[in-house]
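Breakdown of the fold
So the chains spell out like this:
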Amino acid sequence: MAELSIIIWAPLVGAVLVLLTRSRSSATAVAMVASLVTLAATVAVIAGFDRDAFGFQLVEAHDWLPAIGVQYKVGIDGISVLMVLLTALLTPIVIATSWLTINKRVKEYMAAMLVLETGMLGVFLALDLVLFYVFWELVLIPMYLIIGVWGGPNRVYATVKFFLFTFIGSVLMLVAILAIYFNTQTFDVQVLPDRALAESLQGWVFVAFFLAFAIKVPMFPFHTWLPDAHVEAPTGGSVILAGVLLKMGGYGFIRYVLPLTPNAVDDARIWMMALSVIAIIYGALVAMMQRDLKKLIAYSSVSHMGFVTLGIFSQEQVGVDGAIIQMFSHGLVTGALFLCVGIIYERTHTRMFSDLGGMARTMPVYAVVLAFFSLASLGLPMLSGFAGEFMVLVAAFGWQYWSGVLALTGVVLAAAYMLWMYQRVMLGQVKNVAFLRLPDMNRIEVMALAPVAALVVYVGVSPGTFVDFITNSTARIPFIY
Amino acid sequence: MSIPLNAYLLVGAILFSLGTLGVLMRRSVLIVFISIELMLQGVNLTFAAYGAFLEDMAGSMFVVISLTVAAAEAAVGLAILVALGRRVTEFYVDRLDTLRW
Amino acid sequence: MTDFPWLIPLFPLVAFAINGAFGPRYLKKATGYIGSASILGAFAATVALWIGGVHSDTPDFTLYRWVSSGSFNIDIGFVLDPLTVVMLLVVTGVSFLVHVYSIGYMAHDESFARFFTWLPLFVFAMIMLVLSNNFLSLYVFWELVGVCSYLLIGFWHQRKSAADAAVKAFLVNRIGDFGFAIGIILIFWNFGSLNYSDVFGSVSDHSTDLMLLIALLLFIGAVGKSAQFPLHIWLPDAMEGPTPVSALIHAATMVTAGVYMVARMRPIFEVSNEALLVVGGIGAFTALFAASIGLAQTDIKRVLAYSTVSQLGLMFLALGAGAYTVAIFHLATHAFFKALLFLGSGSVIHAMQNQQEMSEYGGLWRRMKWTYFTFLLGGLALSGVFPLAGFWSKDELLASAFFKGVADDGSWAFTVFWIMGLLASLLTAVYTFRMIILTFHGKPRNAELHSHSHESPISMVAPLVVLAVGAVALGGAVGFPPEHGFIHDYLYKVPGVYHFAGAGEITAVISLAIISTAVAAFGIVTAYAVYSRRQPSPEAVAAVSPRLYALLYRKYYVDEIVNYGIVGVTKGIGLILWAIDAKIVDGIVNLIGWTVRATSSLTRRVQTGQVQNYLFLIAAGAVVSVGAFVIFR
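Every value quoted in this text rests on a predicted model; they were computed, and no experiment measured them.

1. Thoughts on the overall build of chain A
- When its secondary structure is counted, chain A shows 18 helices and two strands.
- Against the globule reference of 23 Å for 481 residues, chain A gives a C-alpha radius of gyration of 21 Å, in line with a compact fold.
- Summarising its shape, the C-alpha atoms of chain A cover approximately 65 × 55 × 40 Å along the three principal directions.
- Out of the 481 residues belonging to chain A, those deemed buried represent 69%.
- Across chain A, contacts joining residues at least 24 apart in sequence account for 80% of those joining residues at least 6 apart.
- Looking at chain A as shown, the accessible area adds up to about 14,800 Å², and 67% of this sits on carbon and sulfur atoms.
- Each charge class in chain A was averaged separately, 25 positive and 26 negative side chains, and the resulting centres sit 15 Å apart.

Following this line, the structure appears as C-alpha cells:
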C-alpha cells in the first residue's frame, strides 16, 4: 500500500538522478523515465480507484512529528484524483517538449521540473495540514527558478512578483493552519471536518485561506502576477503554471475552505460570487484587447478560473463537480494552448499578433491543432470546456439568476477573443515572407499533444465518466443553504 | 616591591584603547590589522595580571589560548590580506566598501 | 424497426474520421466519394426508419448518460417521431445531393480533403440536432453545427473577408445561444429535467409568465440560428463560404434549425399568446425587411441569402400562427428549391470564374441550358407559382396567418402580418426574376467572361436536376390536397400538432390561393418590365428615391450600427479595463512593492560598507551601554 508514495516521490528520486547525469540527452531521458513512472503509477491507481466509495482511498500514514501530532499522511479521493492525473500527464509532456526548446542548463531545468512535480502531487495527495503546507511551499521554489532562470527578458520582475504574491498568501495560510490546530488539536484532514471550528474563528481562518487560494487561482483582483509570470516563463513553465499550479487554489478551496469553514463561506458567498463573475467578464474583456498570445491566454485563464470559483461557491453539488471538471479541462486545454504558443514562438520568435498572420497556410497541421484547442477553450460542446462551464452555470442559476446570466456573457466573450486571436494569427495572408518556409509541427509535438486532445474529447463527449469519480466525494461537503 | 595590579590594568587599558583608536582611525589595512593585535595584547595583559593577582591558572590559560587563536587568526587574516592585495591597488580600509548598500 | 437510429449519424461521423485522418495525405479525391457514400448510407437508413414506421409513441432511444451529478442527470438520446423523420429526410437527402455536387464544384481546390472532412461533420451534427431528445443535447449540436458553419464559411481562410464572415457568424450565433442557454437552465431549475417528454408533459404546472420568459429566451436562440432580425446580419456575409456550403448549411438545413426548434418546442410556445405573437411578428417583419434588401443587392449569392432570411421569416410567421405542419412543410420545400437556386448560382459562378456580381453576367442561358432551366424552375418555385412546390407551402403558410388573424382570439395582429407576408411574396417574385433576368437574359455584360463560360460537369448538373424535380413535384406530392396531404397527415401524428387555426371553408382557401398567385404573377411581370423591357429602367426606379435605394443597398445600415455600436463599445470597454488592469489593479501591487523599496532605500544608508564606521558604532554602543549600566545600576 505505497502507491501514492511512489507517485509523490518518484519524481524527486528522478530529480536526484538527473543531477548525476552528464549530458543533455541523458538528463532528459532520466527525467522522462521518472515522470513516466509517476504516470504509470497514477494510471494504476485510477484503474483501481473505487468510484462508489465515499472516503479517502489508499490512505498511508506514518508519524512524522508525533509530539504535535504531525503525520506523513497521504490519500486520494474524487476531489484529488483528476488533479493528480492532470499533473502526472502534463509533466512528461512538458519534459518531452522542453527537449526541443530548452538549451541552457538542461539538467537543472529537468531537475526543477521533477521537484515541482513532487510538490504538486504532494499538495493534492497530502492529508495532513503541515504536510500540505510543506508541499505547497515546495512548489514555489522550482517554479521561481524556472521562470527566473529560463524565462524571458523581464523574468526577474515576473518571478519575484510571482514569488512574493504567492508567499504572502501562504504565510497567512500557515497562521490559519496553526489556528486550526490550536482550536481542534489535530492536523489530520480526515478528522478535521468532524471537529467543527469555533464560529468566531472561522472568519479569520477563511480570510487567511482565501488569500492563499485566491492568489493562486487567481481571483480578481489578485491576478496581476499571472500575465507577467506567463509572458516571461518558458513554455514548459507556462504549461505547468496554467495547467496545474492554478488548480492548487481551486483544490484548496474545495478541500479545506468548504468543509472547514462552512459558516464563513455562507457569509462570504455573495462576495465570492461577485468576485468570480467580475473575474469572468473582466478577464474576458481584457483578454479581448491583448496583442500578445501569451497574455491573451493568461487573461483567458483568469476568466475560466472565474467559473471554477463560481462553481465552488455556488453551494451546489453540481457546481463543485462542474468546478472540478472545469479545472481538469482548463488544465488540459490551456496547457495545450501554451504548448501551441511555444511551438509558434520557437519558429517565429514572436508572439505578437501584429507580426503573425496567415500561418494556417504555412502550418496546416498546426492550424487544425490550434483551432481544436481554441474551440475547446471557448467552450464548444463535445469538447471538455463546455461540460464544466455548463454545470457551473446551472449551479449559479440555482442560486441567483444574475450571476448565471452575467457569467454567460463570459462565454460569449470567450468566443470573441479566441476567434479573433485565431483569425489574427492563423488566417488571412502571411505577413512575413520568411514565415512561408517554416516547418509544420514535428512528431514529438504531435505526440505530446495527442493524449491531451484525446482527453479533451473524452471529457467533452462523456463528462459523466469523470464526474462519477468526483461526485461521491463532493457529496460529503457540508453545504449550508 | 611588587608593581601594583592597577598599573598592569592601566597599561592593558591603554594598549586596548590605542588599538581601538588605531582600528577606528587608521586607513591602512595592515595598520588596522596590527592595531587589532594591539587590542588583543591589551586584553591578554589584563588576563595575565588578574591571573597572577588572583593566583588562578585560568588567567594564564586564557592568554595561551587566545595567543594561539590570535596566531591562527593572524595567519588567516594575512592570507586574506594577501589575496585582497592582488585584487585592489589601494590598500585602504575606506576604499573597501563593496558591502555598501 | 427502430433499433438502428444510431446508424444514421454514425455514417457521416465515420466519413469525417476517415477523411480527417487520412484525407489530406492519402485519400485526396477519394474523400469526396467517401463523404457522399456515407451520406447516402445515412439517407438510406433514414428511409428505412421512415418505412419501418415511426409513431408519436415510439419510445425515446437512450444512447448513454452524459452526466450525473447530484440532481443534474442528463442522457444523450434520440427522439423518434414523424417530425424527426421529416427533418432527417430533408437533411440527409439534400446533403447527399450537395456532396455529389461538391465533388465537381470543389474539384480544383487544393483543400479538397479538408472540405470533405468538415462537410460530413456538419451533417453528423445536424442529424444529431434533429434526433436529440433533450434540450441539452439539442444545445450541444446546435453549437456544433455552428462551428461547422464557422469552419466552412472560413474555408478559404486566406481571404480576409471569409475569415471575418466566419467569425461574425459564430459570434452572432453565440449571442443567440446566450438566450437559448439561459432558457435551458431555467427549464432545468423549474422542471428538474431536460428531457422533452418530461418538460412538455408538465408545462401546465407552471405559470404562464415563466413559460413566456422561457419561450422568448429559446426564441432568441432560434433568431440567431435562423438569421432573423436583428441577428440576421451574419447570413449574407456567410456567403463567403463555398457555394455548396451556402446551399446546404445556409439555406437548406442549419438555418432551418431555428424553425425546427420552435416547432419542437411547440408546447412551451403555445402556452402564451404573447410568445406566438413575438414569433409571428419577428418572422413577418424579417420576411418583408430581408426581401426589400434583396431587391437592391448585386451579388447573386447575397440576393439568395436575403431571400433565405425572408423565407425563414415566413416560416416563423407560420409558427406564430400555430401552423407547425405548414412551417415544416415550407421548410422542406424551401430546402429543395433554395438548395437548387444556390447550387445553380454555384454553377454560374463556376462558369464565370468565381465572379459573383450580377453586373458581369447576362445572356448566359444559351451557354448553360441545364443550369438555366433548373434555376428557372427553382425561381418559379420560390416565387410561389402554381403548381410548383413553393406554391403549396407558401400558400398554406399565408393562409394560416390570415385565418389566425380573423380568428376571434384577439390575434388581429396576424392580419397585419399576413399583409406583410403578401408584400414579402411580391418582393420575392420581383428580386427572383430580377436575378434570373440579370443573370441569364439580355446581352452579356462581360464578353471576356461570357466567352469562357460553359455548362458544368455532370456531377454538378445531376444534383440540379434531382433538386429541380423536387422543387417542381415535392409540394404537390406531399402537400396535396391542401391541409390533408401526406405531410399533414404524417406530422399530424405528433401530439398537439394540428392544422392552422380555423381551417377555413374551401372558398376562402381558394380565394387566398388566387390572391397569392396573383401577387406572385404581378411580381414577375414587374421584374420583367423593369429589368428586361427596361420600361421604366432600373436606374429610373432607383432615382425615384435615392435615399431609399441607398438604405436598401446598405442593408438599412444594420451592419454599421452593430459594428460601431456593439462591437466598438465592447472593444472600448475592453481597452478601458485593460488600462485599469495595468494602471490601477497592477499599479496598487507595484505601489506596495515600491513603498517597501523606498523605505528600505532610506534605511539602508546606514550600511556604508566602511568597516570602521561599523566598528565605531560597536565601540560607541559598548561605551554607551556600559556607561548606562554603570550610571543607572
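So much for the structure itself; the text now carries on.
2. Points about the interface of chain C and chain B
- In this assembly, twelve residues from chain C lie in contact with 13 residues from chain B.
- Both faces combined, the contact of chain C with chain B buries some 1,000 Å², and carbon together with sulfur accounts for 59% of it.
- A per-residue breakdown of the area chain C buries against chain B is headed by Gly-609, Gln-610 and Gln-612 of chain C, which together make up 46% of the total.
- The interface formed by chain C and chain B contains zero salt bridges.
- Of the residues contributing to the side of chain C that touches chain B, the split by class is five nonpolar, five polar and two charged.

3. A few points about the interface of chain C and chain A
- Contacts between the two partners involve 48 residues from chain C and, on the opposite side, 61 residues from chain A.
- Summed over both partners, the interface of chain C with chain A comes to about 4,800 Å²; 74% of that surface belongs to carbon and sulfur atoms.
- For chain C, the biggest contributors to the area lost against chain A are Trp-66, Arg-174 and Trp-578 of chain C; these three give 14% of the whole.
- One can count one salt bridge joining chain C with chain A.
- Here Asp-586 of chain C ties to Lys-161 of chain A by a salt bridge, and the two come within 2.7 Å at their closest N and O atoms.
- In this assembly, chain C and chain A are joined by 18 residue pairs in polar contact (both at pLDDT 80 or more).
- With 17 residues, the single largest contributor to the side of chain C that touches chain A is helix H6 (residues 160-191) of chain C.

4. Overview of the pattern of salt bridges
- Throughout the structure, instances matching the rule amount to 16 salt bridges over all chains.
- Lys-73 of chain A serves as the salt-bridge partner of Asp-188 of chain A, at 2.7 Å between the closest nitrogen and oxygen. With Asp-188 of chain A in the loop between helix H6 (155-184) and helix H7 (199-216) and Lys-73 of chain A in strand S2 (residues 70-76), this residue pair connects regions lying 115 residues apart in the sequence. For the pair Asp-188 of chain A and Lys-73 of chain A, one class covers both residues: buried.
- One salt bridge connects Lys-168 of chain C with Asp-237 of chain C, and the closest N-O pair in it is separated by 2.8 Å. Of this pair, Lys-168 of chain C sits in helix H6 while Asp-237 of chain C sits in helix H9 (residues 234-237); the two residues are 69 residues apart in sequence, bridging distant segments of the chain. With respect to burial, Lys-168 of chain C and Asp-237 of chain C carry one shared label: buried.
- Through salt bridges with shared partners, a single network forms among Lys-168, Asp-237, Arg-302 and Asp-559 of chain C.

5. Quick notes on the pairing of strand S2 (residues 72-78) of chain C
- Counting buried positions along S2 of chain C gives five out of seven residues, so the element sits mostly inside the fold.
- The turn joining strand S1 (residues 61-69) of chain C and S2 of chain C, which pair antiparallel and follow one another in sequence, is formed by two residues; a positive phi near 60 degrees is taken by Gly-70 of chain C.

Criteria and cut-off values
- Residues numbered from 1 in each chain as written.
- Chains lettered and ligands numbered in written order.
- Predicted model: local features only at pLDDT ≥ 70, side-chain atom pairs only at ≥ 80, totals over all residues.
- Heavy atoms only, no water.
- Helix = DSSP H or I, 4+ residues; strand = E, 2+ residues; numbered from the N terminus.
- Rg over C-alpha atoms; globule rule 2.2 N^0.38 Å.
- Buried < 20%, exposed > 50% of the residue type's maximum accessible area, 1.4 Å probe, protein only.
- Contact = heavy atoms within 4.5 Å.
- Areas by Shrake-Rupley, 256 points an atom, 1.4 Å probe, with all protein chains shown as cover.
- Lys, Arg positive; Asp, Glu negative; His and termini not counted.
- Charge placed at Lys NZ, Arg CZ, Asp CG, Glu CD.
- Buried area = accessible area lost by both parts, 1.4 Å probe.
- Salt bridge = Lys/Arg side-chain N within 4 Å of Asp/Glu carboxyl O.
- Nonpolar A, V, L, I, M, F, W, Y, C, P; charged D, E, K, R; others polar.
- Polar contact = N/O pair within 3.5 Å; in protein donor to acceptor, adjacent residues only side chain to side chain.
- Pairing = 2+ DSSP bridges.

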